[in-house]
Amino acid sequence: MRWARRMIAPVAAMLIAGLSLVLFTNAFGRQLIPGLPLLRLQERRRFASSSITLEEVRELSTLATVRYFHRAVFPYDYLPPGVSLNEVLRKLRGSNTTVRDTLTDDEYLYLRAWNLASEVRLSSTGGTFDFVVITLIITAGYDPGSGVREIVMERIEGSDATTRRAVVTLDPPSIVDVAVEDIRPADYPYPEISLSPDGWRRIAGFVREELVEERILDEVLAAARANGEAFLRQLVLQAGFAEVRFEEPGDETY
């Protein structure tokens, strides 16, 4: 039975390799479990004159690495301090150009938010407004067109042993989706207001279209990059590589 024991390791290795092909690649025309990371294999080989040999290239599909929940208070988050309605109206009365050309960015935002709050009857007593809290879900990561480019597998010939290194080429992460969380009146934890379904829809659309502060977007993108690198590093190391290196297209290793 010694020959049977000697066959255990090779057979186990073949089973692991076959399982990896089924779960993580589209080698059979489609991925059997779509939720898993997809590695599409390419038959591409070449040899280098140095001690590093390119073994193969694998492409990755979309990788969303962070979801950020941002709560916006309408209309007050869109009424910049230092801007007043009276000043905005005064400028418009004395202008011969369009509203957009007459007003600054802050003044134009103020006017649009004030008009919408009035149109959906969000007014309160004393010339102020009630408020609505809208939750934005910002998803950031990498997409097939401008995200994860490829993983290059290299074999490094050393004096003592041969190791494998994965060089992962990444574009900077991007915002891949901005959505508004569904509002359920029973789950709304803020002061109750009387607002029509159309009013909710218009406010949600306004909030979704407005740019989130650059400071917040920078934090989201930084988290997306860190999470993406951590995920890919763990995935590649578990595949048996001794080293993982990240690069940006056209730049030196970082």
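Rules used throughout
Residues numbered from 1 in each chain as written. Predicted model: local features only at pLDDT ≥ 70, side-chain atom pairs only at ≥ 80, totals over all residues. Heavy atoms only, no water. Salt bridge = Lys/Arg side-chain N within 4 Å of Asp/Glu carboxyl O. Buried < 20%, exposed > 50% of the residue type's maximum accessible area, 1.4 Å probe, protein only. Helix = DSSP H or I, 4+ residues; strand = E, 2+ residues; numbered from the N terminus. Expected span 1.5 Å × (residues − 1). Core = buried A, V, L, I, M, F, W, Y, C linked by side-chain atoms within 4.5 Å. Contact = heavy atoms within 4.5 Å.

> Kindly report on the pattern of salt bridges, identifying the contributing residues and their values.
Under the definition given, this model contains 12 salt bridges. Salt-bridge contacts for Arg245 lead to Glu247; the nearest nitrogen and oxygen are separated by 3.2 Å. Accessibility expressed as a relative area gives 23% for Arg245, which makes it partly exposed. Taken together, the salt bridges that share partners define one network made up of Glu154, Arg165 and Glu243.

> Describe helix 6 (residues 214–238), listing the residues and the values that go with them.
Look at helix 6: 36 Å from first C-alpha to last across 25 residues, which is about the 36 Å you get at 1.5 Å a residue. Among the residues of helix 6, Ile216, Val220, Ala224, Gly228, Glu229, Leu232 and Val236 are the ones counted as buried. One or two residues past the end of helix 6 sits Gly240, with phi positive at roughly 105°.

> I'd like a description of the nonpolar core, backed by residues and values.
Counting residues in hydrophobic clusters, the biggest one holds 35 residues, and the most contacted among them are Phe74, Tyr78, Leu122, Val132, Leu195, Ile203 and Val207. Those elements that place two or more of their residues in this core are strand 3 (63–74), helix 2 (85–93), helix 4 (105–119), strand 4 (132–142), helix 5 (197–209) and helix 6. Excluding residues that lie within four positions of it along the chain, Leu195 makes contacts with Val120, Leu122, Val132, Trp200 and Ile203. Counting 11 residues, the second largest nonpolar core, distinct from the first, contains Val168, Leu170, Leu232 and Phe246.

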